[in-house]
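# Observations on the model geometry
Letter by letter, the chains look like this.
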Amino acid sequence: MIKKILLLSCLFGFSIQSLQAQKNGNNNPIIPDLIADPSIVQFGDTFYCYATTDGYNAGLATAGPPVLWSSKDLKNWSFNGFYFPAAEKQLFWAPSYPVKVKDKYYYYPTVNHDIYVAVADSPAGPFMLAKGDFSKENTFPLLKMDAPKGTKGIDAEVFIDDDQKPYLFWAQRGAGRLNPDMISLDTASITKISTKRGGYSEGPIVFKRKGIYYYLYTLSGHENYVYAYQYSKVSPFGPFIYPEEDIIAKTDVKEQIYGPGHGNVFHIKDDYYFTYLEFGRSSTNRQAWIDKMEFNEDGTIKPIRLTNKGVDPFPSLAKNEVTIQSAEASSTLPDFKVPYVKDKTINRTETYSAQNALDGSNGTRWLAETKDTTATFMVNLGKKTAIKKVASYFVKPTAGHAYELTYSVDGKNWKPYGGHAEIKVQSPHIDERSVKAQYLKLTFLKGTPGLWEFKVYK
């Protein structure tokens, strides 16, 4: 996660490249917000994405609150409120995903620079600390930042083997066995994983497939962030086999995809997927992508092809979407040229046109000027149209929004459609009402004035 966190996001801007990308049906990035360290897991018929919330513009001096994105199809993601209330005001990062043991879900996020254990009755929470609280007098982290053997107590990854024995892995190659209670470590078992490549490492990923244990670890950072791996046929702790081609995810300059970082691996039957971060504009302004992971006959991992297209979702649950002819806004934030840190081949300019909210991409957005205190966003459906629902995917949704939504048939006379005067923390904000309209106008009352996407349904 941390690596002085000048990592990832994938805000390509509304360029010719991104326009063409959407025409080709791209699915990356997957979520309409700035998030980092994504871990995706499926429980029942729902995919959950546990992640760091980015976009609060102060690097590691601050962090966004814990929100849980969920989806039925890997395409349409949403959240509502906070799923770990005690961590709302803390520095919350790299949560990994919970594991189910005896009808309880155990969860190992990094909070205030240390790894803690939280527990819930559902993967959706609410989660509560297994011990103590976050006060100085009553705090009981599972693993502190200055962890044993030169490791770093952040970026937990839990793995439960076929014999139900649980293991914990963390940054700088740390590893140990969890006790059966799932809330304490067997300190005698703590070790440091030996890897082919040295250097700073974080975001470990551990999984098992067809009797083989895979250990993935990051190297470097910024645009040069990469994932390496090794595997064992004996145990999660090795001994490991070091494949000749051990770098499986790295920058693809041709595709303009940079620095794949801290993520996870999940699977649906024998289809495996790699979730990761992309450099974007660096610092804590990142987004999550997914690409397919494939294996050779001998079990080695093929180098992962990073793509803008991503993976095909399940049949979309969002049907009857209305084609919006155009959009306009009261103001538009000036373009931003993304600076490079280490690699001059990166060439990105973020633009914030109102039309970005109609392009079907979670990597572009409309933003109003910072001095626009009465920001509005309006769409034209092209003709008088029967509509039933509007979905607004606001920028910085984890800080909450209040807004007013109105409609019109002539662009002059406006009637109420939806919205709310109180701040709500969710995405998307849904308004449902059956009317005939050609125009819809959204007026921001509170919250960052901007939209990743604006969708209308009939």
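Computed from a predicted model, the values in this text were never measured in an experiment.

What counts, and at which threshold
- Residues numbered from 1 in each chain as written.
- Predicted model: local features only at pLDDT ≥ 70, side-chain atom pairs only at ≥ 80, totals over all residues.
- Heavy atoms only, no water.
- Helix = DSSP H or I, 4+ residues; strand = E, 2+ residues; numbered from the N terminus.
- Rg over C-alpha atoms; globule rule 2.2 N^0.38 Å.
- Buried < 20%, exposed > 50% of the residue type's maximum accessible area, 1.4 Å probe, protein only.
- Contact = heavy atoms within 4.5 Å.
- Areas by Shrake-Rupley, 256 points an atom, 1.4 Å probe, with all protein chains shown as cover.
- Lys, Arg positive; Asp, Glu negative; His and termini not counted.
- Charge placed at Lys NZ, Arg CZ, Asp CG, Glu CD.
- Pairing = 2+ DSSP bridges.
- Axes fitted to C-alpha atoms, helices over the stretch in contact; angles between N-to-C directions.

Helix and strand counts for the chain stand at one helix and 32 strands. The C-alpha radius of gyration computed for the chain amounts to 22 Å, which stays within 12% of the reference 23 Å derived for 458 residues, consistent with globular compactness. Projected onto the principal axes, the alpha-carbon positions of the chain cover approximately 75 × 50 × 40 Å. Classification of the 458 residues of the chain by burial places 58% in the buried group. Within the chain, contacts between residues at least 6 apart in sequence are counted, and of these 62% link residues at least 24 apart. About 18,900 Å² of surface is accessible on the chain, with carbon and sulfur atoms providing 49% of the total. Charge centroids of the chain, computed over 54 positive and 48 negative side chains, lie 2 Å from each other.

The next thing to look at is the sheet that holds strand E19 (residues 247-249). Across the sheet, which stays open at both edges, the four strands sit in the order E16-E17-E18-E19 with antiparallel pairing between neighbours. Two strands lie at the open edges of the sheet, namely strand E16 (205-209) and E19, each paired on one side alone. Ignoring strand direction, the axes of neighbouring strands in this sheet form an average angle of 35°.

The next subject is the pairing of strand E1 (residues 35-43). Burial of E1 is extensive: eight of the nine residues sit out of reach of the surface. As paired elements, E1 and strand E2 (residues 46-53) share seven bridges and run antiparallel to each other. What sits directly across from Ile40, in E2, is Cys49. The turn linking E1 back onto E2 is made up of two residues, and Gly44 within it adopts a positive phi angle of 65°.

This brings us to the sheet that holds strand E7 (residues 104-107). Taking strand neighbours across the sheet as the criterion, the four strands line up as E6-E7-E10-E11 in an open arrangement whose pairing is antiparallel. Both outer strands of the open sheet, strand E6 (99-101) and strand E11 (128-129), are each paired with one neighbouring strand and no more. Pairing between strand E10 (residues 118-120) and E11: two bridges, direction antiparallel. What sits directly across from Ala118, in E11, is Leu129.

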